[in-house]
Amino acid sequence: MGAGRCRGPAARGKGAVSNLLRRRFGSYLDILHAAWENRDRLGYAWRILRDGVCDGCALGTSGLRDWTMDGVHLCWIRLNLLRLNTQPPLDPSALADVERLRGLSERELRALGRLPLPLLRRRGERGFRPVSWDEALALVAGQLQAAEPGRVAFYLTSRGTVNETYYVAQKVARFLGTNNVDNSARVCHAPSTVALKQTIGYGASTCSYRDWLESDLLVFIGSDVANNQPVSMKYIHLAKKRGTRVAIVNPFREPGLETYWVPSAWDSAILGTRVADAFFQIKVGGDIGFFNGVLKHLLESGGVDEGFVREHTTGWEDVAAYLRSLPWEALERAAGASRQEMAEFARLYARARSAVLVWSMGVTMHRYGVDNVKAIVNLALARGMVGRPGAGLMAIRGHSGVQGGAEMGAVPNQFPGGLPVDEANAAHFSRLWGFPVPDWPGRFVAETIDAAHQGALDVLYCIGGNLLDVLPDRRYVRQAIERVPLRVHHDIVLNPMMLLEPAEAVLLLPATTRYEMEGGNTETTTERRVIYNPPIPGPRLPQARDEWRVLVELGQRVRPHLADRIAFASTGEIRAEVARAVPYYDGIQNLRRKGDQFQWGGERLCEGGRFATPDGRARFSVVPLPEEQVAEDCFRLTTRRGKQFNSMVFASTDSLLGAGRDEVVLAPEDMARLGLRDGQRVLLRSAAGEFAGRARSGPVHPGTVLMCWPEANVLIQRGVSDPQCGIPAYRDAWVRVLPADGEGG
């Protein structure tokens, strides 16, 4: 254990050569695969790439260009998502008997084609039958009218969902009298939004990607950007050529963060880019212990920027007193790293004139995710690494729709602009919109599933999303979903959640893609850039409808006497209202052509040490060490993504790790202690369930078992979440690892 260069599993062992080739040339194979997969509509696919805004991660493009670097912005995620937008419709008769589809994976269901028309399945029926749009809307409107507002919930995924849809969805939900509206940001970056809002006054990243290129030091914490934001590796490659150093803080030595081959940079494509200059291996959940230890070193060595702290922050003295009281032994136990390693990181950080701290779901997916982020904010504030070139705090987003979802108000505890749901803000939006707005906080999505399980939910309206695979404890989620009288799935393609048995009825509605939406639409990137996406000429499904238009019509059917209060003639009208409802989005109303964009808050937030808090100062936070009950003879479970986009899996083998999705990674010393061999079959058992897989030795922190997600959900206990933001604790489970019968291969 310790800082130094990474030596991932790809550097040794069986299959090392083939895995190295996959890592080095996989991007070119993805281009060929995308061309072959879209060969029937190659012209349309090319127009989407050339003129559309990417529906993948939240780096953000217009066509094939971005605002950070010259050259092409394109990655395997966008190429693999391309077929969702170009594929032809499925044959509705394929859904006449759901039993025949039961054994298909999410990937196989998706490949059947697009939903072509409304399809209805009632209780006792074998499958779905086509219905007219009028019949479908009458059914939903009738159920919404009959249900109490608290027994209705809306859920939106962030894959491909645009700001205009988010805004209308939350407005219609509140028009119907409920704040039960949530989106998939809840299961990834809700802790980041909450912690940043509480400490610096903004619920967003403070800097731009261009700051990476100007920084002395990039720190990636619980973030595998090589897998989840591949184009960012070119930013890192360019930054390193200018002298930037890279430090990684993570329980697993990610091979893509050791060496990466950037396909569009000739020097990297040939020689590779050595990414990590220093690696700090902490245990799962060790972030608070590690960063408190780093701060303690800075405090003791005079590494704190006392001028910045004095002039621009509050709360430092309380934090300093707490740090002085912490014994090093407690910090080492909490971090899973030594005092010397914390000191090494502190020295590296203290020498940097500027640093950008980047984190993702390895930090947030804990029951203390908000505190994890606050520990990172403390680190930035202690050296004034906010609000100046080459420095900042960045919660890097994995989906193009995540940042805008909360800012448009599609969350149960916040109105548009991040205003908390309370009496005063409800009154404000009641005046703005012209109808009564509920002032009680709605349910987070996990709480919505609990309500469904208890029989307290009558209508669940999903725009995209596959909660069956996304939330912990699949068996419980299945039971809950099958108890909802009416489920509506407005989506592009099939997923396993749609095939669950109806309590009364399940309705599938065909959606347009973002590239088909008349009037265009917008997305908001990690760096707060709002980008206009024009409609792309190409084939259309005659019965596919924009989600926002359907929601408006439903609301008008339920409350016809107030129909004009939610009427929009176009997406342009939606953007005009967004500009009025969210003052910092002023400018969105002017976006109407390819390439139009603006960055709310400017290139950098908090410039000059001015924070969006009542007194203009940032808040230090006393972040206590987590109290954990270590289960005897158990391993801490953590997860990673493979060749996938959220729960959408594109390949059965992770091209960076070279592992199958059933392989579970343990430290070599743990493998030896358990008497396991690579490839040997094992049974993982937790309080929630069991998983049968194959053992694999890898560079993970001892005492940890690493699995693919969402497969790991069967082992993750429901009902455990961060109380401040509602994110499920995906990385807090304890599991036993047992040899299974039979020999591995």
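Look up a bit, the structure's there.
So, here is what we can say about the structure in this document. Keep in mind it's a predicted model, so treat the numbers as computed, not measured.

## Considering the sheet that holds strand S25 (residues 690–697)
Reading around the barrel, the six strands line up as S20-S26-S23-S25-S24-S27 and close back on themselves, with mixed pairing between neighbours. Within this sheet the neighbouring strands show an average axis-to-axis angle of 45 degrees, counted without direction. Pairing between strand S20 (residues 635–640) and strand S27 (residues 734–739): two bridges, direction antiparallel. By the bridge assignment for S27, Phe 635 is matched with Val 735.

## A word on helix H16 (residues 339–351)
The end-to-end C-alpha separation of H16 is 18 Å, in line with the 18 Å expected for 13 residues at 1.5 Å each. Looking at H16, one finds that the buried residues are Glu 341, Met 342, Ala 343, Phe 345, Ala 346, Leu 348 and Tyr 349.

## Examining the environment of Gln 543
Note on placement: Gln 543 falls in the loop between strand S17 (529–533) and helix H24 (547–558). Judged by relative accessible area, which is 30%, Gln 543 ranks as partly exposed. Taking C-alpha positions, Gln 543 is 7.0 Å from Pro 510, a pair spaced 33 residues apart along the chain. Excluding anything up to four places from it in sequence, Gln 543 contacts Pro 116, Leu 117, Pro 118, Trp 133 and Pro 510.

## Description of the state of the cysteines
Tallied over the full model, the rule gives zero disulfides. Here Cys 57 stays free of any disulfide, with the sulfur of Cys 75 as its closest cysteine sulfur at 5.7 Å.

## Here we look at the packing of aromatic side chains
Inspection of the entire model under this criterion finds 24 aromatic pairs. Their ring planes at 45 degrees and their centres at 5.5 Å tell us that Tyr 209 and Tyr 235 sit as a pair that is tilted. Placement of the pair is Tyr 209 in the loop between helix H7 (190–200) and helix H8 (210–214) and Tyr 235 in helix H10 (residues 232–241), with a sequence separation of 26 residues. Residue Tyr 209 is classed as buried on the basis of its relative accessible area of 0%. A connected cluster of aromatic rings, assembled from ring pairs, spans Tyr 167, Phe 175, Phe 415, Phe 429, Trp 433 and Phe 435. Just above the ring of Trp 600 sits the side chain of Arg 528; from NZ or CZ to the centre is 5.6 Å. Here the basic side chain of Arg 718 rests over the ring of Tyr 476, its NZ or CZ set 3.8 Å away from the ring centre.

What counts as what
Residues numbered from 1 in each chain as written. Predicted model: local features only at pLDDT ≥ 70, side-chain atom pairs only at ≥ 80, totals over all residues. Heavy atoms only, no water. Pairing = 2+ DSSP bridges. Helix = DSSP H or I, 4+ residues; strand = E, 2+ residues; numbered from the N terminus. Axes fitted to C-alpha atoms, helices over the stretch in contact; angles between N-to-C directions. Expected span 1.5 Å × (residues − 1). Buried < 20%, exposed > 50% of the residue type's maximum accessible area, 1.4 Å probe, protein only. Contact = heavy atoms within 4.5 Å. Disulfide = S-S within 2.5 Å. Phe/Tyr/Trp six-rings, centres within 6.5 Å; stacked < 30°, edge-to-face > 60°. Lys NZ or Arg CZ within 6 Å of the ring centre and 35° of its normal.

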